[in-house]
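Tertiary structure, described
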Amino acid sequence: MATRRTKKHELDAADRNAMPDSVFAFPRVRKEPLNDASHVRNAIARFDQVRDVSDAERDEAFERIRKAARKFGVEMTETRWQQLGKPTKSMKSSDKPRDSASKADLYTEARNRRITGRSTMTKAELLRALQR
């Protein structure tokens, strides 16, 4: 008996296998689907964790993510792929998040602190959650 997915943005293996390569940030390795806002935020946060891809593939993936972010209304302040998924110096040097930190940086810090609900939070909500 199949189980029901509790959230609209969860993908099971069948859903993922049915998706065309063009929906993925990294189509050759079929990593980081960009089918909705939640998955775009996830791709931003996990960009640096994707293995076995070249810098050219990362350039292309970054452009795919930027396009998907615009399409789904996801705020993205990074201008280069090297900025994705890495904590900034300001985040490393202080326990308190700064207003100038990117949303991806705030998300990384929230993940490190195991803040629940972080994947659906806006940048402002992440800031508030991290200041508690």
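Use the structure listed above.
Everything in this summary refers to the structure shown in the same document. (Residues numbered from 1 in each chain as written. Predicted model: local features only at pLDDT ≥ 70, side-chain atom pairs only at ≥ 80, totals over all residues. Heavy atoms only, no water.)

So, the packing of helix H2 (residues 37-46) against helix H3 (residues 55-72)
Helix-helix packing is described using two parameters, namely the angle between the two axes and the distance between the axes. Direction vectors running N to C along H2 and H3 enclose 145 degrees, while the axes themselves pass 9 Å from each other. Helix-helix and strand crossings are classified by hand; for H2 and H3 the assignment is left-handed. Seen from H2, the contacting residues are Ala37, Val40, Ala43 and Ile44; seen from H3, they are Ile65, Ala68, Ala69 and Phe72. Classifying every residue of the contact of H2 with H3 gives eight nonpolar, no polar and no charged. (Axes fitted to C-alpha atoms, helices over the stretch in contact; angles between N-to-C directions. Helix = DSSP H or I, 4+ residues; strand = E, 2+ residues; numbered from the N terminus. Left-handed = near helix turned anticlockwise from the far one by under 90°. Contact = heavy atoms within 4.5 Å. Nonpolar A, V, L, I, M, F, W, Y, C, P; charged D, E, K, R; others polar.)

What to know about the packing of aromatic side chains
To describe a pair of aromatic rings, one takes the distance between the centres and the angle between the planes. All chains considered together, the criterion is met by two aromatic pairs. A centroid spacing of 5.4 Å and a plane angle of 45 degrees characterise the contact between Phe26 and Phe47, whose relative ring orientation is tilted. On the criterion of sequence distance, the pair formed by Phe26 in strand E1 (residues 24-26) and Phe47 in the loop between H2 and H3 is long-range, its members being 21 residues apart. Grouping residues by exposure puts Phe26 and Phe47 together as buried. Consider the rings of Phe47 and Trp81, whose centres lie 6.1 Å apart with planes at 40 degrees: the pair is tilted. (Phe/Tyr/Trp six-rings, centres within 6.5 Å; stacked < 30°, edge-to-face > 60°. Buried < 20%, exposed > 50% of the residue type's maximum accessible area, 1.4 Å probe, protein only.)

Re the nonpolar core
Ranked by internal contacts, the top residues of the largest apolar core, which has 20 residues, are Phe26, Leu34, Val40, Ile44, Phe47, Ile65 and Met76. Elements with a contribution of two residues or more to this core: E1, H2 and H3. Counting residues per element, this core draws most heavily on H3, at five residues. Residues in contact with Phe47, not counting those within four places in the same chain, are Phe26, Arg58, Ala61, Phe62, Ile65, Trp81 and Leu84. Counting 11 residues, the second largest nonpolar core, distinct from the first, contains Ile115, Met121, Leu127 and Leu130. (Core = buried A, V, L, I, M, F, W, Y, C linked by side-chain atoms within 4.5 Å.)

Quick notes on helix H5 (residues 103-112)
Residues that lie three or four places apart on an α-helix share one face, since the helix turns once every 3.6 residues. Most of H5 sits inside the fold, with eight of its 10 residues counted as buried. Looking at the residues trailing H5, positive phi occurs at Arg114, about 60 degrees.

Nothing here speaks to function; it is geometry throughout.
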